[in-house]
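Below, each chain spelled out in residue letters.
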Amino acid sequence: MSTVDPSGVVAIVPAAGSGLRLGAGVPKAFVELGGVPMVLRAVDGLLGSGVVGRVVVVVPAFEVTAAASLFPGRPVAVVPGGADRTASVAAGLRALGSDVDVVLVHDAARPLTPPDVVRRVVTAVRSGLPAVIPVLPVTDTVKQVDADGVVTGTVDRSALRAVQTPQGFRASDLVRAYDAVVDALTDDAGLIEALGDSVHTVAGDPVAFKVTTAWDLRIAELLLAGASVPISAEER
Ligand code: CTP
Ligand code: MG
């Protein structure tokens, strides 16, 4: 277990999306993975890391009552979200409460995120970094194309990283970034970048992938089914 004190660390879990690309007919966060809603897996992964004290889960307004009973015995608040992810995280920030030093923002759609990733992010923020994101190297060759799909160049992938969550922030910095927000973004660190501040990286984990499509959900089910055979770090 980590030596990082969980008090003062609050995680916001945006779970208010509709999951159009998954196409399950219900909001993606409530789709079950191995019989457990993805949002519950995400919340328990955060709390189980030992470095997160409380969680604010942001759900579609019509799910607030139902979702409130999903987390018995856990330090979880449920609040209604907004039209895009940025608006949902902003709603979570408004419900943050006092005595918060570190804020994590973690997609409900990353239900298998290993606790080590959460610990790496919180430890780095606790060490004094204002904004920390877990990343992976990009392994595919990446091309730029024009409107007709014709290749215009090959990107140097050695300088690229794929970004995961949880993203971690000094609470005051994230609140300041959201106060200044003008455009919706797909991640929170982008708002810190927009203010000209530094964002640092730690190692992510392939198992922290986001469930976006039916294919991703299938992969997540297969990983869970094989969970008795751990995947070694070397194999990833
Ligand atoms: N999210 C949110 N509020 C929104 C939109 C997204 O809280 N208005 C959350 C999702 O619930 C998800 C995370 O942000 O946990 C990442 O978004 P994404 O993977 O795009 O999920 P959805 O928006 O639900 O999926 P889609 O874009 O396919 O509709
Ligand atoms: Mg979306």
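Note: the structure precedes this text.
Owing to the predicted nature of the structure, the values given are computational and were not obtained by experimental measurement.

### Regarding the site of ligand 1
- In the vicinity of ligand 1, 18 residues are found, and the nearest of them are P14, L20, K28, S88 and K210.
- In the environment of ligand 1, an oxygen atom lies 3.3 Å from a nitrogen or oxygen atom belonging to the backbone of A15.
- Coverage of ligand 1 by the protein chains reaches 87% of its 560 Å² of free accessible surface.
- Split by residue class, the shell around ligand 1 holds seven nonpolar, five polar and six charged.

### Describing the packing of helix α3 (residues 85-94) against helix α5 (residues 171-179)
- Put simply, α3 and α5 touch, their axes get as near as 11 Å, and they point 130° apart. Taken together, the axes of α3 and α5 lie oblique to each other. The interaxial crossing formed by α3 with α5 has left-handed handedness. Contacts from T86, V89, A90 and L93 of α3 reach α5 at L174, V175 and Y178.
- Taken together, the residues that form the contact of α3 with α5 break down as six nonpolar, one polar and no charged.

### Examining the side chain of D216
- Residue position: D216 is located in helix α7 (residues 214-225).
- Despite being buried, D216 has no salt bridge partner; K210 is the closest side chain of opposite charge, sitting 6.9 Å away.

### Brief notes about the nonpolar core
- Within the largest apolar cluster, 30 residues are counted, with the highest numbers of intra-cluster contacts made by V13, V39, V43, V52, V55, V57 and L104.
- Residue assignment for this core shows that the elements contributing at least two residues are β1 (9-14), α1 (38-48), β4 (54-59), β6 (102-105) and α4 (115-126).
- If we ignore the near neighbours within four places in the chain, the residues touching V39 are V13, A15, A29, F30, V57, L70, F71 and A108.
- By size, the runner-up hydrophobic cluster in this structure holds 25 residues, among which are V58, L174, A177 and A189.

### What about the pairing of strand β7 (residues 131-137)?
- β7 sits mainly inside the fold: six of its seven residues count as buried.
- Pairing of β7 with strand β12 (residues 200-203) involves four bridges; the strand directions are parallel. Each bridged residue has a counterpart across the sheet, and for I133 the counterpart in β12 is T201.
- As judged from the three bridges shared by β7 and strand β10 (residues 161-163), these two strands associate in the antiparallel manner.

### Some thoughts on α5
- Here α5 has its buried residues at A171, D173, L174, A177 and Y178. Mapping the buried residues of α5 onto a view down its axis gives an arc of 165°, with all of them on the same face. Turned more than 90 degrees away from the buried face of α5, the exposed residues are S172 and D179.
- At its buried positions, α5 is contacted by α3, β6, β11 (167-170) and α6 (189-194).

How each quantity is defined
- Numbering of residues begins from 1 in every chain and follows the order in which that chain's sequence is written.
- Chain A is the first chain written and ligand 1 is the first ligand written, with later ones labelled in order.
- Local features in this predicted model are restricted to residues of pLDDT 70 or higher, and side-chain atom pairs are both shown and tallied only at a pLDDT of 80 or more, whereas totals for entire chains, interfaces and linings draw on every residue.
- Side-chain metrics rest on all non-hydrogen atoms present in the structure, leaving aside hydrogens and water.
- Nearness is defined per residue: one heavy atom within 4 Å of the molecule or strand is enough.
- Pairing of N or O atoms within 3.5 Å defines a polar contact, subject to two protein rules: one partner must be a possible hydrogen donor and the other a possible acceptor, and residues neighboring in sequence count only if both atoms are side-chain atoms.
- For the accessible areas, the method is Shrake-Rupley and the probe is 1.4 Å, while residue cover comes only from the protein chains on display.
- Each residue is assigned to one of three groups, with Ala, Val, Leu, Ile, Met, Phe, Trp, Tyr, Cys and Pro labelled nonpolar, Asp, Glu, Lys and Arg labelled charged, and all others, Gly among them, labelled polar.
- Every axis in this analysis is a line fitted to C-alpha atoms, fitted for helices over the stretch in contact. Angles between the N-to-C directions lie between 0 and 180 degrees.
- Numbering of helices and strands runs from the N terminus, with a helix taken as a DSSP run of H or I at least four residues long and a strand as a DSSP run of E at least two residues long.
- Throughout this description, any angle smaller than 35 degrees is read as roughly parallel, any larger than 145 degrees as roughly antiparallel, any in the 65 to 115 degree range as roughly perpendicular, and the remainder as oblique.
- By definition, any crossing whose near helix is turned counterclockwise from its far helix by less than a right angle is left-handed, and any crossing with a clockwise turn is right-handed.
- In what follows, a contact means two residues having at least one pair of non-hydrogen atoms within 4.5 Å.
- Buried means the residue's accessible area, taken with a 1.4 Å probe over protein chains only, is under 20% of the maximum for its type, while exposed means over 50%, and partly exposed covers the values in between.
- We treat Lys and Arg as the positive residues and Asp and Glu as the negative residues; His and chain ends play no part in the count.
- A pairing counts as a salt bridge when a side-chain nitrogen of Lys or Arg comes within 4 Å of a carboxyl oxygen of Asp or Glu.
- The definition of a nonpolar core used throughout is a set of buried Ala, Val, Leu, Ile, Met, Phe, Trp, Tyr and Cys residues joined through side-chain atoms within 4.5 Å.
- One requirement defines pairing of two strands: DSSP has to find at least two bridges between them.
- Starting at the helix axis, one direction is taken to each C-beta atom, and the arc is that of these directions.

Without other data, these values stay purely geometric and don't point to any function.
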